[in-house]
Amino acid sequence: MFTVRLFCAAGMSTSLLVTNLRKAARGRGMEADIEAYPIDTMAKNLTAADVVLLGPQVAYMKRKAAKLCEEAGIPMSLIPMAIYGKMDGEKVLDFALELASGN
């Protein structure tokens, strides 16, 4: 099971991206647990995450998020605006997999 947690301002703007990520994972035959949450709930929603992705709109929280994720041993990154803006589930899934593998 590949577990992805996305965080944005209110947990709503990433809902379409979550749908597209799930579709991309299913298309690849991957078992995935992909959920989006508001950034202010990050500390309690990191459990079992393989990777954490931040929406570009919460870039100002990157330092705080990086500290929480580092303490939990979870790789974290901002989703590049170029793929976030297109809501490209395939490319975001590739990005998440690369991040999780340490590349």
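Before any of the text, the structure's been laid out above.
Note that the coordinates shown come from a computational prediction; the quantities given were computed from them, not determined experimentally. (Residues numbered from 1 in each chain as written. Predicted model: local features only at pLDDT ≥ 70, side-chain atom pairs only at ≥ 80, totals over all residues. Heavy atoms only, no water.)

Asker: I'd like a description of the environment of Leu16, backed by residues and values.
Answerer: Its location among the elements puts Leu16 in helix α1 (residues 15–27). Overall, the relative accessible area of 47% leaves Leu16 in the partly exposed class. Residues Leu16 and Asp88, spaced 72 residues apart in sequence, show a C-alpha to C-alpha distance of 9.6 Å. (Helix = DSSP H or I, 4+ residues; strand = E, 2+ residues; numbered from the N terminus. Buried < 20%, exposed > 50% of the residue type's maximum accessible area, 1.4 Å probe, protein only.)

Asker: Account for the side chain of Thr3, with residues named and values stated.
Answerer: Mapped onto the elements, Thr3 comes out in strand β1 (residues 2–8). On the basis of relative accessibility, which here comes to 6%, the residue Thr3 falls in the buried class. Sequence-distant contacts of Thr3, defined by excluding residues within four places in its chain, comprise Asp33, Ala48, Ala49, Asp50 and Val51. (Contact = heavy atoms within 4.5 Å.)

Asker: Before we move on, could you go through the side chain of Thr14 and cite the residues and values that matter?
Answerer: Along the chain, the position of Thr14 falls in the loop between β1 and α1. The class for Thr14 is buried, based on a relative accessible area of 0%. With near-sequence residues (within four places) excluded, Thr14 lies in contact with Leu6, Cys8, Ala36 and Tyr84.

Asker: Can you lay out the nonpolar core for me, pointing to particular residues and giving the numbers?
Answerer: If you look at the biggest cluster of nonpolar residues, it comprises 20 residues, and the most contacted ones within it are Val4, Leu6, Leu17, Leu53 and Ile79. Broken down by secondary-structure element, the contributors of at least two residues to this core are β1, α1, β2 (32–38), β3 (51–54), α3 (81–84) and α4 (89–101). Residues within four places of Val4 in sequence aside, it is in contact with Asp33, Ile34, Glu35, Val51, Leu53 and Ala96. One finds Met42, Leu46, Ala49 and Leu54 within the second-largest nonpolar core, a separate group that totals twelve residues. (Core = buried A, V, L, I, M, F, W, Y, C linked by side-chain atoms within 4.5 Å.)

Asker: Quick rundown of the pattern of salt bridges? Include the residues and the values.
Answerer: Taken as a whole and judged by the stated rule, the model has four salt bridges. One salt bridge connects Asp33 with Arg5, and the closest N-O pair in it is separated by 2.9 Å. Placement of the pair is Asp33 in strand β2 and Arg5 in strand β1, with a sequence separation of 28 residues. The shortest N-O distance in the salt bridge between Arg28 and Asp94 comes to 2.8 Å. Of this pair, Arg28 sits in the loop between α1 and β2 while Asp94 is found in helix α4, placing the two residues 66 residues apart along the sequence. Take Arg28: its relative accessible area is 34%, and that puts it in the partly exposed class. Look at the salt bridges and you will find they share partners, linking Arg28, Glu90 and Asp94 into a network. (Salt bridge = Lys/Arg side-chain N within 4 Å of Asp/Glu carboxyl O.)

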